Amino acid sequence: MIEYFGTAGLLLAPLVAIGGLARFFISEFQGLHDIWTNEDKYAIVVQRAPTACATRDLSIRLGTIQAASETIYQVIDFTNVSGQTCTLYGYPGVSFAGGTPLTQIGAGAVEDPATARVLITLTPGAVASALLRYFDAAFFYPHASACTPRNATSIVVYPPNQTTAGYLADNVLVCVNPNVQMISIDAIKAGANQQALP
């Protein structure tokens, strides 16, 4: 341009450059203005994976109960009452308790390895359940010294990976002796009472 226009080119070159910068900034401003005035058009939705269900997110209740010989089969239902989707994975912690203050009686439930851990996603209002098995302590009466039977007034339930328990009122004759293993628990499954009872 300078060679073509001579001295005039020297004067016009800065103006051309300034004009180009002006057009650039005007274009950028228009783009920003479009974003500001059309937020929904440019919105980015980030979906977070559901977190583990906390005890406060759940309503924990006793479900179906059945007996076969000296074994009791008790379903425990977990309902999501949080209003948000959350997950349960693995085994709840379960034990019997009684007295004032409430204290654990006997050994806690052992995990039944025959039931696999499955990640359960609970939408609001959805239910999952786990099957608790325990022996009727009356079965041990001929060997009372090994059992030391006592009435429990509560079933204490910790949802998987939680340190806060739920307390379910019940009246169960259990063994005080922690060396008598009388309770087992299945992994949590989807659905209410979705367990194979005898």
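Structure: see above.
The notes below deal with the structure included here. (Residues numbered from 1 in each chain as written. Predicted model: local features only at pLDDT ≥ 70, side-chain atom pairs only at ≥ 80, totals over all residues. Heavy atoms only, no water.)

## Thoughts on the packing of aromatic side chains
Taken as a whole and assessed by the stated rule, the structure comprises one aromatic pair. Their ring planes at 80 degrees and their centres at 5.1 Å tell us that phenylalanine 96 and tyrosine 134 sit as a pair that is edge-to-face. With a gap of 38 residues between them, phenylalanine 96 in strand β5 (residues 93-98) and tyrosine 134 in strand β9 (residues 127-135) connect regions that are remote in the sequence. As far as burial versus exposure is concerned, phenylalanine 96 and tyrosine 134 are alike and both buried. (Phe/Tyr/Trp six-rings, centres within 6.5 Å; stacked < 30°, edge-to-face > 60°. Helix = DSSP H or I, 4+ residues; strand = E, 2+ residues; numbered from the N terminus. Buried < 20%, exposed > 50% of the residue type's maximum accessible area, 1.4 Å probe, protein only.)

## Quick look at the state of the cysteines
Here, the word disulfide means a covalent bond between the sulfur atoms of two cysteines. All chains considered together, the criterion is met by two disulfides. Linked covalently through their sulfurs, cysteine 53 and cysteine 86 form a disulfide whose S-S length is 2.0 Å. Between cysteine 53 and cysteine 86, the S-S dihedral sits near 90 degrees, and the bridge is therefore right-handed. Highlighted residues: cysteine 53 in the loop between β1 (51-52) and β2 (58-68) and cysteine 86 in strand β4 (residues 86-89), separated in sequence by 33 residues. The pair cysteine 53 / cysteine 86 is uniform in exposure class, with both members buried. Paired by a disulfide, cysteine 147 and cysteine 175 hold their sulfur atoms 2.0 Å apart. Here cysteine 147 and cysteine 175 share a disulfide; its torsion about the S-S bond, -95 degrees, makes the bridge left-handed. In this pair, cysteine 147 is assigned in helix α4 (residues 144-147) and cysteine 175 in strand β11 (residues 166-175), connecting sequence segments 28 residues apart. The exposure class of cysteine 147 is buried, given its relative accessible area of 0%. According to the relative accessible area criterion, cysteine 175 is buried, its value standing at 1%. Counting only the cysteines that form disulfides, in the order they appear in the protein chain, gives the pairing 1-2, 3-4. (Disulfide = S-S within 2.5 Å.)

## Let's talk about the pattern of salt bridges
A complete count under the given rule lists three salt bridges for this structure. In this structure, the salt-bridge partner of glutamate 111 is arginine 117, at a minimum N-O distance of 3.1 Å. By relative accessible area, glutamate 111 is classed as partly exposed at 41%. A salt bridge links aspartate 186 to arginine 133; the nearest nitrogen and oxygen atoms lie 2.6 Å apart. With aspartate 186 in the loop between β12 (183-185) and β13 (189-190) and arginine 133 in strand β9, this pair connects stretches of sequence that are 53 residues apart. Overall, the relative accessible area of 2% leaves aspartate 186 in the buried class. Several salt bridges share partner residues, and in doing so they unite Asp112, Arg133 and Asp186 into one network. (Salt bridge = Lys/Arg side-chain N within 4 Å of Asp/Glu carboxyl O.)

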